[in-house]
Amino acid sequence: MKVIARNKKALFDYQILERYEAGMVLSGAEVKAIRAGRVNLKDSFVRIVKGEAFVFNAHITHLQTTHWYYKPNERRERKLLLHKKQIDKILGALTQAGLTCVPLSLYFNERNRAKLEIGIAKGKNLHDKRETLKKKALDLEVQGALKKYQKGL
């Protein structure tokens, strides 16, 4: 599994409650751009529209080798391929106050299919974000101390 893009901002701003794997409806040029790593999930979000899931605001930049006539909209909505039961479960969770659905990462699975990992998330408060930063700083200090200790042996 080769991870192409991660949504680090979503992991910082939200507490992830559930995760789902979804396929995406893409054009050939978009798949090539994804393979080249020209994708950004920073401000993207997932919505359920008429019983179908779509990802909005995911930026897939076209390649320079793409013909000038065929340059699709880079931020267009893209349909997600999920089972009906999964869509119903996500829709039920989204009706609760304070929950949202965000893309977490984009990767290619073993069968070379582009998959989007989405998560049902609850927004963090400011003090939760501070705790996350403190924990990350402590983890870095511990890693540095362990490396120093291992070099000394």
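Computed from a prediction, not measured in an experiment: that's the story for all the values here.

Give me the overall build of the chain: which residues, what numbers.
Tallying secondary structure elements over the chain gives 4 helices and 9 strands in all. Overall, the chain shows an N-to-C arrangement of helices and strands of β-α-β-α-β-β-β-β-β-α-β-β-α. With the C-alpha coordinates of the chain rotated into their principal frame, the extents come out at 60 × 45 × 30 Å. Restricting to contacts in the chain with at least 6 residues of sequence separation, those with at least 24 account for 68%. Carbon and sulfur atoms make up 52% of the accessible area of the chain, which amounts to about 10400 Å² in all. The centroid of the 32 positive side-chain charges in the chain is displaced by 4 Å from the centroid of its 15 negative side-chain charges.

Would you mind going over the nonpolar core in detail, with residue names and values included?
Within the largest apolar cluster, 29 residues are counted, with the highest numbers of intra-cluster contacts made by Leu-80, Ile-90, Leu-116 and Ile-118. Put simply, the parts of the chain that give this core at least two residues each are β1 (2–6), β2 (14–24), α2 (28–35), β4 (45–49), β5 (52–56), α3 (84–94), β8 (99–108) and β9 (114–123).

Summarise the pattern of salt bridges; cite the residues concerned and give the values.
Within this structure, the stated rule accounts for 6 salt bridges. With its nearest N and O atoms 3.2 Å apart, the salt bridge here joins Arg-19 to Glu-117. Here Arg-19 is found in strand β2, whereas its partner Glu-117 is found in strand β9, with 98 residues between them in sequence. Overall, the relative accessible area of 48% leaves Arg-19 in the partly exposed class. One salt bridge in this structure joins Lys-79 and Glu-52, with 3.2 Å as the shortest N-O distance. Taken together, the residues Lys-79 in strand β7 (residues 78–81) and Glu-52 in strand β5 connect sequence positions 27 residues apart. We classify Lys-79 as partly exposed; its relative accessible area is 30%. Put simply, Glu-30, Arg-76 and Arg-78 are held in one network by salt bridges that share partners.

How would you explain the side chain of Asn-7 if you had to name every residue and give the values?
With respect to the helices, strands and loops of the structure, Asn-7 is situated in the loop between β1 and α1 (8–13). Within the local environment of Asn-7, its side chain forms a polar contact with the backbone oxygen of Pro-103, the two atoms lying 3.0 Å apart. In contact with Asn-7, not counting residues within four places along its chain, are Leu-41, Lys-42, Ser-44, Pro-103 and Leu-104.

Go over a nonpolar patch on the surface, please, and point to the residues and values.
A cluster of nonpolar side chains, Trp-68, Tyr-69 and Tyr-70, forms an exposed patch at the surface whose accessible area comes to about 470 Å². Secondary-structure assignment places Tyr-69 in the loop between β6 (59–60) and β7. Residue classification places Tyr-69 among the exposed residues on the basis of a relative accessible area of 67%.

Got a sec to walk through the confidence of the model for the chain? Specific residues and values, please.
Looking at the chain, the pLDDT average stands at 88 and 99% of residues meet or exceed 70. The spread of mean pLDDT over the elements of the chain runs between helix α4 (residues 126–152), the lowest at 84, and β5, the highest at 95.

Tell me about α3, and please be specific about residues and values.
Along α3, the positions that sit buried rather than exposed are Ile-87, Ile-90 and Ala-93. An end-on view of α3 places all buried positions within 125 degrees of arc, on one side of the element. In α3, the exposed positions angled more than 90 degrees off the buried face are occupied by Lys-84 and Lys-85. Those residues of α3 that are buried are in contact with β2, β4, β5, β8 and β9.

Rules used in this analysis
- Residues numbered from 1 in each chain as written.
- Predicted model: local features only at pLDDT ≥ 70, side-chain atom pairs only at ≥ 80, totals over all residues.
- Heavy atoms only, no water.
- Helix = DSSP H or I, 4+ residues; strand = E, 2+ residues; numbered from the N terminus.
- Contact = heavy atoms within 4.5 Å.
- Areas by Shrake-Rupley, 256 points an atom, 1.4 Å probe, with all protein chains shown as cover.
- Lys, Arg positive; Asp, Glu negative; His and termini not counted.
- Charge placed at Lys NZ, Arg CZ, Asp CG, Glu CD.
- Core = buried A, V, L, I, M, F, W, Y, C linked by side-chain atoms within 4.5 Å.
- Buried < 20%, exposed > 50% of the residue type's maximum accessible area, 1.4 Å probe, protein only.
- Salt bridge = Lys/Arg side-chain N within 4 Å of Asp/Glu carboxyl O.
- Polar contact = N/O pair within 3.5 Å; in protein donor to acceptor, adjacent residues only side chain to side chain.
- Patch = residues over 30% accessible without salt bridge, like charges linked within 9 Å, V, L, I, M, F, W, Y side chains within 5 Å.
- pLDDT = per-residue confidence, 0-100.
- Arc of directions from axis to C-beta.

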